[in-house]
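Chain residues, written in single-letter form:
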Amino acid sequence: MGQKVHPTGFRLNSIEPWRSRWYARKQDFGKLLIQDDQIRKAIAKDFKGAGIPRVEIERTADAVNVIVHTARPGVLVGRKGARVDQLKEALQKLAGQTVHLTVREIKRPELESTLVAEVIAEALEKRMAFRRAMKKAIQSTMQAGAKGCKVELNGRLGGAEMARQAKDREGRVPLSTLRANVDYGTALAKTTYGVIGIKVWIYKGDLEPGQKLDYQQQSGVAPRGEGSGQRSPRRGRISRESLAPQTGA
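Anyway, here's the lowdown on the structure attached to this text.

How each quantity is defined
Each chain carries its own residue numbering, running from 1 in the written order of its sequence. Since the coordinates come from a predicted model, pLDDT governs what is reported: local features require at least 70, and pairs of side-chain atoms require 80 or more to be given and counted, while whole-chain, interface and lining totals use all residues. Side-chain numbers here rest on the full set of heavy atoms in the structure, without hydrogens or water. Between rings of Phe, Tyr and Trp, where Trp is taken as its six-membered ring, a pair exists when centres lie within 6.5 Å; planes separated by under 30 degrees are stacked, by over 60 edge-to-face, and by other angles tilted. Helix and strand assignments follow DSSP, with helices taken as H or I runs no shorter than four residues and strands as E runs no shorter than two, numbered in order from the N terminus. Relative accessibility decides the category of a residue: with a 1.4 Å probe and only protein chains considered, values under 20% of the type maximum give buried, values over 50% give exposed, and everything between is partly exposed. The criterion for a charge sitting over a ring is simple: Lys NZ or Arg CZ within 6 Å of the ring centre, and within 35 degrees of the ring normal. Two strands pair under a simple rule: DSSP has to find at least two bridges between them. Axis angles are defined between N-to-C directions and span 0 to 180 degrees, where every axis is a line fitted to C-alpha atoms and, for a helix, only to the segment in contact. For this analysis, residues touch if any pair of their heavy atoms sits within 4.5 Å.

## Examining the packing of aromatic side chains
Turning to step 1, where the next piece is worked out: In the structure shown here, the tally under the stated rule is two aromatic pairs.
Turning to step 2, where the next piece is worked out: When the centroid spacing of 5.2 Å and the interplanar angle of 45° are considered together, the rings of Tyr 184 and Trp 201 count as tilted. Highlighted residues: Tyr 184 in strand β7 (residues 180-191) and Trp 201 in strand β8 (residues 194-206), separated in sequence by 17 residues.
Turning to step 3, where the next piece is worked out: Taking relative accessible area as the criterion, Tyr 184 reaches 16% and is therefore assigned buried.
Turning to step 4, where the next piece is worked out: Over the ring of Trp 22 we find Arg 59; its NZ or CZ atom is 5.5 Å from the centre of that ring.
Turning to step 5, where the next piece is worked out: The side chain of Lys 150 reaches across the aromatic face of Trp 201, ending 4.3 Å from its centre.

Here it is in structure tokens:
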């Protein structure tokens, strides 16, 4: 029987950076760990439409640094930074100390597995055929420059009486190669027939020996100020528009 290993956890010691970076004594570790989870859930709940696949947390003696990666920084920041200021205040109440918030824009959302999974979930909730949704997402990802993409759906696909599994892939996805940059993400589609689970693996190529992933280089710092309330660049919405149901299909 095959043993399933989380691709991100498998690569933490080699190429993948930790999402939470801090040190605490034994008596404080559990409390801070739960607090990190609460911070991530609060951001995901309040900004579901902002396309946030990753939240990094760093702690110092007197402050918490929260780094939010988003495909739509305009949704997160709001007009003149109003929404991001509200989020900062809410996180400070949750953490009980000063919070420094950094927003980083994701330049290629088609290469983020979590965002691709959310796009498929949205398409399924709009009653698109599941095989078509899978193929559209894979095509969009491969055209963006990925070397491989795999999608797996589990649930009552197409309204079937019994839950089943559907898979589709293109290219190669070397899950056992440590220096292979494999991005893994999940999402849930809440359909009228029940919940459908979505898993996405995206292979972006191999890293050089000793090299590690740097999310700061992959993202651009989102602008703040007068124009922050405007919509983010069109590239942040390519995937969702490409999966929009077409008439006569």
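Resuming the write-up.
## Concerning the sheet that holds β8
Turning to step 1, where the next piece is worked out: Pairing in this open sheet of four strands is antiparallel, and the strands run β6-β5-β8-β7 from one edge to the other. Lying at the two open borders of the sheet, with one neighbouring strand each, are β6 (164-171) and β7. Strand after strand, the sheet turns through a mean of 10° between neighbouring axes, direction not considered.
Turning to step 2, where the next piece is worked out: Pairing analysis gives eleven bridges linking β7 to β8, with the strands arranged antiparallel. Paired with Asp 183 across the bridge in β8 is Ile 202.
Turning to step 3, where the next piece is worked out: Packed onto the sheet, helix α5 (residues 113-125) meets β5 (148-155), β7 and β8 and runs at close to 25° relative to β7.
Turning to step 4, where the next piece is worked out: Against the sheet, helix α6 (residues 130-143) touches β5, β6 and β8, its axis set at about 25° to β6.

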